[in-house]
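Structure at a glance
These are the residues of each chain, in order.
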Amino acid sequence: MSEEPTSVSERMRSDWNQRALEDPHYYVAFGGRDQDEESFVATAADVLRALETELRRLPNTANRSALEIGCGPGRLMKPLSRHFTEIHGVDVSDEMIRLARERLRDIPQAHVHATNGASLAQFPDESFDFVYSYAVFQHIPSRDIVAEYMHEIRRVLKPNGIFHGQFNGLPHSLMPDTWRGVVFSANDIRRFTRENGLQLLGLTGVDTQYLWTTWRKLSVPTSNFVPPSVRRITNAYSGEPVVLNRGRHAAISIWMENLPYECDLNNLEILIDGAPGELFYVGPSMIPGLLQVNSWLPKGVRTGLVPVQLLWNGKPVFAPTTVRIIPAGRSVPRIVSITDGVNLVQKNASSTGLLKIQIEELDEPESISARIDDTPLVRIQFICIDPRPPCYEVDLWLPEGLPAGRHRLEVMVGNRRLLPADIDIQSAIQAPKPSSS
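Residues numbered from 1 in each chain as written. Predicted model: local features only at pLDDT ≥ 70, side-chain atom pairs only at ≥ 80, totals over all residues. Heavy atoms only, no water.

1. Things to note about the overall build of the chain
Looking only at helices and strands, the chain has 8 helices and 27 strands in total. Computed over its C-alpha atoms, the radius of gyration of the chain comes to 23 Å, within 12% of the 22 Å expected for a compact globule of 437 residues. Taken along its principal axes, the extent of the C-alpha atoms in the chain is 75 × 55 × 45 Å. Within the chain, the proportion of its 437 residues that are buried is 51%. Taking all contacts inside the chain whose residues are at least 6 apart in sequence as the whole, residues at least 24 apart take part in 65%. If you sum the accessible surface of the chain, you get close to 20,700 Å²; carbon and sulfur atoms cover 50% of it. Measuring between centres, the 45 positive side-chain charges of the chain sit 5 Å from its 52 negative side-chain charges. (Helix = DSSP H or I, 4+ residues; strand = E, 2+ residues; numbered from the N terminus. Rg over C-alpha atoms; globule rule 2.2 N^0.38 Å. Buried < 20%, exposed > 50% of the residue type's maximum accessible area, 1.4 Å probe, protein only. Contact = heavy atoms within 4.5 Å. Areas by Shrake-Rupley, 256 points an atom, 1.4 Å probe, with all protein chains shown as cover. Lys, Arg positive; Asp, Glu negative; His and termini not counted. Charge placed at Lys NZ, Arg CZ, Asp CG, Glu CD.)

So, in structure tokens, the structure goes:
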């Protein structure tokens, strides 16, 4: 039997009030314990850039309004407030709202509200041009509550309004609580938007903890139909006219003029050399009438000059065109970063007895082993953070009794030895032993 929504909300409020009192910067940004204000604000840079990119989809009008779901202490609201005549934030934690009011005290158009953690009932229908949320739904332990928020987002968006938000898109989850919440797959998002009359314009980070999605509330088109055409096809990430056949850059951008307003990821399909690709982005107009449609290449696509066909509701959007596919190099696992397992701002260092290592182009994460000064390390878990190229995050225990100072870390993938690294242990390790369960 599922838990009552009111008791879930009360549990979320209690837990997040406690976290806000303990260390709000850490629990909001995950970067490290006891971050100063400058470091805390800096952790929002990438998310802020992504949100501001989505603002290009909005009409350039004088009066625009926004809502943040799960605003925390106002880390994102403060810089985003310059784009809106009115911006609101909601949070289940009374303590987070107190901190947000303090941060936003000199911004008259910014307003924050404590909520029941399950609805947006205080806002009328069609109140906002832009709704956004980051690192919130991944902490909610109830699918029913997240689903209610999704319906509420649709209700409070104005026609042509945009939602840009993040869900936990991992293919599986542990028992959910107020830190490790429920998961929503890409198919869940596709189904919800399709059934609720929302355009699905973005779906990235599929099968990872950071599944980002963009929706638009449909309005009646105002322009006459003009036949669409392709300006060019490029690599989605480099802009070059050639595309690698696998890895993180195995994606194309179709630069189009006059793509019909109604087109989205639910009614568009793409065939690349006759095989279905994976569409993940329909962009805003960069100049009037010109936008990009992005797709991953099919697995195993051949190299050479291959045909590309875009379909809308099963019918061709334009005459078949071509893109040049070139072979990628051989997969070579490599270490992307090494940090403390809790204080992620500590690079090549640890103060907690945990290490977090990111390894790219890793096909068999279960084959990872590591040692420090010839002592084997215990692997706690590994998690896919990007299915392309792919990239995995591996958590390791450091051995108890390891003295402070510099130590040599070696990581193996099967029989392949990766480059060693020097790790700065900042205090003698007294790590708890991992559970045998």
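This is not the end of the story, as more comes after the structure.
2. Considerations on the pattern of salt bridges
Applying the stated rule across the entire model yields 25 salt bridges. For Asp46, the salt bridge identified is with Arg49, shortest N-O distance 2.2 Å. Residue Asp46 and its partner Arg49 are located together in helix H4 (residues 45–54), separated by 3 residues, close to a single helical turn. Among the ionic contacts, a cluster of salt bridges with common partners joins Arg248, Arg334, Glu360 and Asp386. (Salt bridge = Lys/Arg side-chain N within 4 Å of Asp/Glu carboxyl O.)

3. So, the side chain of Asn196
In this structure, Asn196 sits in the loop between helix H8 (186–195) and strand E6 (198–204). Those residues in contact with Asn196, other than ones at most four positions away along the chain, are His151 and Arg154.

4. Section: H8
The set of residues buried in H8 consists of Ala186, Asp188, Ile189, Phe192 and Thr193. For H8, the arc enclosing every buried residue in end-on projection is 160 degrees, short of the 170-degree limit, so these residues lie on one face. The exposed set on the far side of H8, more than 90 degrees from its buried face, consists of Asn187 and Glu195. Check the buried side of H8 and you find it contacts helix H7 (143–156), strand E5 (157–167), E6 and strand E7 (211–217). Phi turns positive one or two residues past the end of H8, at Gly197, with a value near 65 degrees. (Arc of directions from axis to C-beta.)

5. Things to note about the pairing of strand E14 (residues 290–296)
Remark: a regular strand shows side chains that alternate across the two faces of the sheet. Across the 7 residues of E14, 7 count as buried, placing the element largely inside the fold. With 7 bridges connecting them, strand E10 (residues 251–257) and E14 associate as antiparallel partners. When the sheet's bridge partners are listed, Ile254 is paired in E14 with Val293. (Pairing = 2+ DSSP bridges.)

6. Brief notes about the packing of aromatic side chains
Aromatic ring pairs are reported here in terms of the distance separating the ring centres and the angle at which the planes meet. The tally for this structure, following the rule as stated, stands at 17 aromatic pairs. With a centroid separation of 5.4 Å and an interplanar angle of 40 degrees, the aromatic rings of Phe192 and Trp215 are classed as tilted. Pair noted here: Phe192 is in helix H8 and Trp215 is in strand E7, with a separation of 23 residues, a long-range link. One aromatic cluster is present, built from ring pairs that chain together Phe137, Tyr149, Phe163, Phe167, Phe184, Phe192 and Trp215. Stacked on the ring of Phe184, the Lys or Arg Arg143 has its end atom at 4.1 Å from the ring centre. (Phe/Tyr/Trp six-rings, centres within 6.5 Å; stacked < 30°, edge-to-face > 60°. Lys NZ or Arg CZ within 6 Å of the ring centre and 35° of its normal.)

7. A word on the pairing of strand E2 (residues 86–91)
By the criterion of burial, E2 is predominantly enclosed, with 5 of the 6 residues buried. Where E2 and strand E3 (residues 110–114) come together, 5 bridges link them in parallel fashion. Looking at the pairing, Ile87 lines up with Ala110 of E3. Read as a crossover between parallel neighbours, the route from E2 over helix H6 (residues 94–103) to E3 is right-handed. (Right-handed = clockwise from strand over helix to strand, strands pointing away.)

8. Things to note about the side chain of Asn235
Structurally, the position occupied by Asn235 is in strand E8 (residues 229–235). Residue class for Asn235 comes out buried when judged on its relative accessible area of 4%. A distance of 2.8 Å separates a polar side-chain atom of Asn235 from the backbone nitrogen of Tyr237. A polar side-chain atom of Asn235 sits 3.1 Å from the main-chain amide nitrogen of Ser238. Not counting residues within four places of it along the chain, the set of residues in contact with Asn235 comprises Glu240, Val242, Val243, Leu244, His249, Ala251 and Ser253. (Polar contact = N/O pair within 3.5 Å; in protein donor to acceptor, adjacent residues only side chain to side chain.)

Remember that the coordinates give geometry; whether it matters functionally is a separate question.
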